[in-house]
Amino acid sequence: MVSVTRIVLQRLVLGLLTLFVVSIVIFIAVNMLPGDFAQAILGQGATPEAVEAIRRDLGLDQPPVIRYFQWLGRALQGDLGSSFAQANFANFTGTESGATTVAAQIAPRFANTMFLAGVTAAIAVPVSLVLGILAALYRNSAFDRVANIFTLSSISSPEFFLAYVLILFLAVLNPLLPSLSNIYSDMTLGQRVERTLLPALTLTLVVTAHMMRMTRAAIINLLASPYIEMARLKGLSPLRVIVHHALPNALAPIINVIALNLAYLITGVVVVEVVFVYPGIGQLFVDAVKIRDIPMVQACCLIFAAAYILLNFSADILSILSNPRLRHPK
Amino acid sequence: MTQPLLKIRGLKIEGRSDETWTPIINGIDLDLNRGDVLGLIGESGAGKSTLGLAAMGFTRDGCRISAGSVEFDGIELVNASAAVKRALLGKRIAYVAQSAAASFNPAHRLIDQHTEGPVQHGVMSRAESEADGIELYRKLRLPNADDIGFRYPHQVSGGQLQRAMTAMAMSCRPDLIIFDEPTTALDVTTQIEVLAAIRDIVQQFDTAAVYITHDLAVVAQMADRIKVLLQGDEVEEADTRTMLSAPTEEYTKSLWAVRRFQRPAKPAIPADATPVVSVRGITAAYAATTVLHDISFDMYAGRTVAVVGESGSGKSTVARCITGLLPPKSGAIEFMGTALPADYRKRSKDQLRQIQMIYQMADTALNPRKTIGQIIGRPVEFYLGLKGAKRRARVEDLLNLIELEPKIYFDRLPSELSGGQKQRIGIARALAAEPQFIICDEVTSALDQLVAEGILKLLARLQDELGLTYMVITHDLATVRAIADEMVVMKDGRVVEQGGKEQMFAPPHHPYTDLLLSSVPEMDPDWLTCLLEERGVDNIGDAAVGKM
């Protein structure tokens, strides 16, 4: 029997390898974007000489392989490079502020994104688990159907539509929550949570369906097992049969779906950020793509990839740990 | 006359299949007094388990009780509310399932599952129940009774799990326990320990029991009375001794007769004969674990060699070496005197053709999406190169050979066949290659006795007609007695003893062979008692630990 530590180490190495491959893919993909920063920034005044000068300044005239390894080497030391756009801005104004590095730009935005993801997860994960367990308990009942229809229609609607519906009901008709979520660093935690609640609710509607339906399916899948029949024949209540006997054996698929949805919350929420004017990393990323700010785009992509890999890695480890055969070898 | 503990009257149960309700139990009466043990016997599909569960007021999904009454100690269970039933289940009526390995929750420790019933029903506190559980483990002669409960199910062997499940059923001191084939999945030597343990504890606590099984010899040891079921109807019921000595119904007699099928002995092997397949000093391993140690035996034309042993003894691994699926570390497989390449990938098509296999689970060995004609036609085309009408004609011949009408079965799917018919298709598929040598891996262990007998007779007939050589892997000595000529006994990856069947079944035996042979239940109701006396209680498996 392979020990748990060995499996964990294997997954860790595999995760790092994946991250390395992804970094190559990101670099190639970003370099294949049409147009370049020099042309985008100079616009009408893009004379060949000016373009050439800016390209030389930013090191864009180097061959791609060399640029990749320079970037990778610096990234490994924690230096994600300087934002083209900010560096340029600093040149124009003559000020040299600390905010020109990619890391300094991304850090507050990323913290905001994590905050939004955290608030959403704190609402969505318990709600979907409870709904999923109840749907399994009262399967094929009216409750099950209503829960299914509600979550499926919310996942099928565009995010911005859900966002506007929530704004209409919770901000316009009943002014309970602010419709704008522009948070600042000097706000208190309470204020931040209040501002973040509406986008978090929108995202909850988006991610609940997956997690709830997987919880329900994973539990129902086990209900025909002999040990569930045994639990029933011991005269246990239906809720105890499901929570105590089915759920612990259904954890692996549920954990995996939760991880995928959390990764989505970190990487895929730009639409919701735009609707609520929330200063997350998604907007920063889209802006950077628009003006071909290559270091910024690469850094964002790398963070997204790392988030996916890290969450899937944790899900893997947790599902392995949920298996008593591995936790308690013979 | 006191009221019976369990009283079933005119019980009818229906099962749902394709939008219609078909009867499973057609009106059964049953009485069980306190402290009595009733044996329910019948083939699969007879409705034994359904009836056993119905005695608990429980039906599986897709089944319903359509008429009749089930009265437990004066409480009507049919149409009783879920709460009424929950108050009885586990507390006053308990259940012991066929596969303890599947019926223990893999996520919780044994003792946690043991104490759950008493704690939830408010019979005992957790601490009391835990102490009681350990006491019960000791009474059931489980090794390391003090700490076996603190293990997870996967850390405990099948026979021990089955006893732990009996202990769990006892946890609330119920009035009635339903035993649903509790020893079917166990080896004969383990079966004895479990049977003895169950019988003791049921007697000790004067618990009434319904004991469901398809094995007559087992039920003879356990039950005071026996009820025979056939397709949802009662055939007859009588006390055990009457039932064994003087069954009145034809069906019961046929069940009794099954075990008597035996082939006449064959003439001795000529001294100069070359074995069809010869296993020469095979040592094999999975990864670092050596599972076979220097195995050697020969198999001669037209004869059957039975390889016998408990699960884990390496029987099936020998088959994997012969077919080349698992190249041995040392030693060789010879076919008609010439060594075969160890790896099946290096064998010629003709070498592959000569050695075929029939599997235990016909269900999983047949592709569910192919018709019977395709399943048998594939090896016909692959090995013999027959196509079109010739291929079809050959498949029809093969179907006739296994006594299935080609017109009816050619275009059917495996799911439309019964278990015995599927196993026949497995045989036909092996025959399609026109091999000289066939490995039968537990081919009858998933089948009912009557059906299994049919398969064994078919195998015997085919051997006589086609001169086939069989290697039969089995843990069932009745099968060996029925069709084998030679016998190889294996234990822990070694050959313990081998020789002609007559010689092997007659004393003196190697101690392990003796243990194996004497563990096969006999129809005599006093067999278990006598055997236990003979062996002495301490000798039963790992019973040495703990006091009685």
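The structure presented is a predicted model; accordingly, all values stated were derived computationally and were not measured.

Novice: What is the right way to read the overall build of chain A from this model?
Specialist: If you tally the helices and strands in chain A, you get 16 helices and zero strands. Seen through its principal axes, chain A has C-alpha atoms that stretch 85 × 60 × 35 Å. Sequence-distant contacts, at least 24 apart, represent 74% of the contacts inside chain A between residues at least 6 apart. For chain A, the accessible area works out to roughly 16600 Å², and carbon and sulfur atoms hold 68% of it. Across chain A, the centroid of the 21 positively charged side chains sits 20 Å from that of the 16 negatively charged ones.

Novice: Please explain the interface of chain B and chain A as it appears in this structure.
Specialist: Many structure descriptions define interface size as the accessible area lost when the parts assemble. Counting residues at the interface gives 26 residues for chain B, matched by 22 residues for chain A. A buried area of about 2300 Å², summed over both sides, lies between chain B and chain A, and 59% of it is on carbon and sulfur atoms. The tally of links from chain B across to chain A stands at three salt bridges. Put simply, Glu-116 of chain B and Arg-240 of chain A hold a salt bridge, and the shortest N to O gap is 2.8 Å.

Novice: I would appreciate a short explanation of the packing of aromatic side chains in the present structure.
Specialist: Two aromatic rings are characterised by how far apart their centres lie and by the angle between their planes. This model, assessed by the stated rule, comprises eight aromatic pairs over all chains. Plain terms: the ring middles of Tyr-138 of chain A and Phe-143 of chain A are 6.4 Å apart, the flat faces sit at 80 degrees to each other, and that makes the pair edge-to-face. Accessibility expressed as a relative area gives 32% for Phe-143 of chain A, which makes it partly exposed. Through a chain of ring-to-ring contacts, three or more aromatic side chains come together here, namely Phe-27, Tyr-68, Phe-69 and Trp-71 of chain A. Between Arg-192 of chain A and the ring centre of Phe-115 of chain A, over which it is positioned, the NZ or CZ distance is 5.7 Å. The side chain of Lys-349 of chain B reaches across the aromatic face of Phe-382 of chain B, ending 4.4 Å from its centre.

Novice: Explanation requested: the sheet that holds strand E18 (residues 469-474) of chain B in the structure shown.
Specialist: All names here are of chain B. The six strands are arranged E16-E17-E18-E13-E19-E20 in an open sheet whose pairing can be described as mixed. Looking along the sheet, the strands with just one partner apiece sit at the ends: strand E16 (355-358) and strand E20 (494-500). Within this sheet the neighbouring strands show an average axis-to-axis angle of 15 degrees, counted without direction. Where strand E17 (residues 437-441) meets E18, five bridges bridge the pair, whose relative direction is parallel. Note on E18: the bridge partner recorded for Ile-438 is Tyr-470. Against the sheet, helix H12 (residues 315-323) touches strand E13 (304-308), E16, E17, E18 and strand E19 (486-491), its axis set at about 145 degrees to E18.

Novice: Sorry, what's going on with the packing of helix H9 (residues 189-222) of chain A against helix H12 (residues 251-267) of chain A here?
Specialist: In a packed pair of helices, the relevant descriptors are the angle between the two axes and the axis-to-axis distance. All names here are of chain A. For the pair H9 and H12, interaxial distance at closest approach is 9 Å and the crossing angle is 170 degrees. Classed by the angle they form, the pair H9 and H12 counts as roughly antiparallel. Side by side, H9 and H12 meet where Leu-203, Val-206, Val-207, His-210, Met-211, Met-214, Thr-215 and Ala-218 of the first sit next to Pro-253, Ile-254, Val-257, Ile-258, Asn-261, Tyr-264 and Leu-265 of the second. Here the contact of H9 with H12 is built from residues that sort into 12 nonpolar, three polar and no charged.

Novice: Where do I start with the domain arrangement of chain A in this structure?
Specialist: Residues and elements named next belong to chain A. On domain assignment, one finds that chain A holds domain 1 (1-94 + 295-330) and domain 2 (111-290). Across the boundary between the two partners, domain 1 contributes 15 residues, which contact 17 residues of domain 2. On the domain 1 side of the contact with domain 2, Phe-304, Tyr-308 and Leu-311 bury the most area, a combined 36% of that side's loss. Here domain 1 is connected to domain 2 by zero residue pairs in polar contact (both at pLDDT 80 or more). Broken down by class, the residue content of the side of domain 1 that touches domain 2 amounts to 11 nonpolar, three polar and one charged.

Novice: Help me understand empty space enclosed by the protein, please; the structure alone is not making it clear to me.
Specialist: Leftover empty space is mapped by rolling, across the atoms, a probe with the size of a water molecule. All chains considered together, the criterion is met by four cavities of 30 Å³ or more. Quantified by volume, the largest cavity comes out at close to 80 Å³. Lining of the largest cavity is provided by Met-230, Leu-233 and Lys-234 of chain A together with Gly-90, Ala-94, Tyr-95, Gly-117, Met-168, Ala-169, Ser-171 and Cys-172 of chain B. Of the residues contributing to the lining of the largest cavity, the split by class is seven nonpolar, three polar and one charged.

Novice: Teacher, can you tell me more about the domain arrangement of chain B here?
Specialist: All names here are of chain B. Partitioning chain B into structural domains gives domain 1 (90-223 + 524-548) and domain 2 (302-326 + 340-506). Placing the centre of domain 1 and that of domain 2 at their C-alpha centroids yields a distance of 36 Å. Opposite the six residues of domain 1 that make contact, domain 2 presents four residues. With both chains or domains summed, domain 1 and domain 2 bury close to 490 Å², and 37% of this area falls on carbon and sulfur atoms. When the buried surface of domain 1 facing domain 2 is broken down by residue, Asp-187, Val-188 and His-214 rank first, second and third, together holding 71% of it. In this structure, the connection of domain 1 to domain 2 is made through zero salt bridges. Taken together, the connections running from domain 1 to domain 2 amount to one residue pair in polar contact (both at pLDDT 80 or more).

Novice: For this particular structure, what's the right way to read the state of the cysteines?
Specialist: Two cysteines form a disulfide when their sulfur atoms are joined by a covalent bond. All told, the structure shown has zero disulfides over all chains when counted by the stated rule. Cysteine Cys-301 of chain A remains unbridged, with the sulfur of Cys-300 of chain A as its closest cysteine sulfur at 7.0 Å.

Novice: What should I look at first to understand the packing of helix H6 (residues 102-137) of chain A against helix H11 (residues 238-246) of chain A in this one?
Specialist: Residue and element names in this part refer to chain A. Two elements in contact, H6 and H11, have axes whose closest approach is 10 Å; the angle formed by their N-to-C orientations is 130 degrees. Viewed along their axes, H6 and H11 adopt a mutual orientation that is oblique. Remark: the crossing between H6 and H11 carries right-handed chirality. Between H6, through Ile-133, Ala-136 and Leu-137, and H11, the contact on the second element is made entirely by Pro-238, Leu-239, Ile-242 and Val-243.

Conventions adopted
Residues numbered from 1 in each chain as written. Chains lettered and ligands numbered in written order. Predicted model: local features only at pLDDT ≥ 70, side-chain atom pairs only at ≥ 80, totals over all residues. Heavy atoms only, no water. Helix = DSSP H or I, 4+ residues; strand = E, 2+ residues; numbered from the N terminus. Contact = heavy atoms within 4.5 Å. Areas by Shrake-Rupley, 256 points an atom, 1.4 Å probe, with all protein chains shown as cover. Lys, Arg positive; Asp, Glu negative; His and termini not counted. Charge placed at Lys NZ, Arg CZ, Asp CG, Glu CD. Buried area = accessible area lost by both parts, 1.4 Å probe. Salt bridge = Lys/Arg side-chain N within 4 Å of Asp/Glu carboxyl O. Phe/Tyr/Trp six-rings, centres within 6.5 Å; stacked < 30°, edge-to-face > 60°. Buried < 20%, exposed > 50% of the residue type's maximum accessible area, 1.4 Å probe, protein only. Lys NZ or Arg CZ within 6 Å of the ring centre and 35° of its normal. Pairing = 2+ DSSP bridges. Axes fitted to C-alpha atoms, helices over the stretch in contact; angles between N-to-C directions. Parallel < 35°, antiparallel > 145°, perpendicular 65-115°, else oblique. Nonpolar A, V, L, I, M, F, W, Y, C, P; charged D, E, K, R; others polar. Domains from an automatic or database assignment. Polar contact = N/O pair within 3.5 Å; in protein donor to acceptor, adjacent residues only side chain to side chain. 1 Å grid on protein atoms, 1.4 Å probe; cavity = no way out; pocket = protein on both sides within 12 Å on 5 of 7 lines; lining within 4 Å. Points joined across faces, edges and corners; volume = space filled by probe spheres on them. Disulfide = S-S within 2.5 Å. Left-handed = near helix turned anticlockwise from the far one by under 90°.

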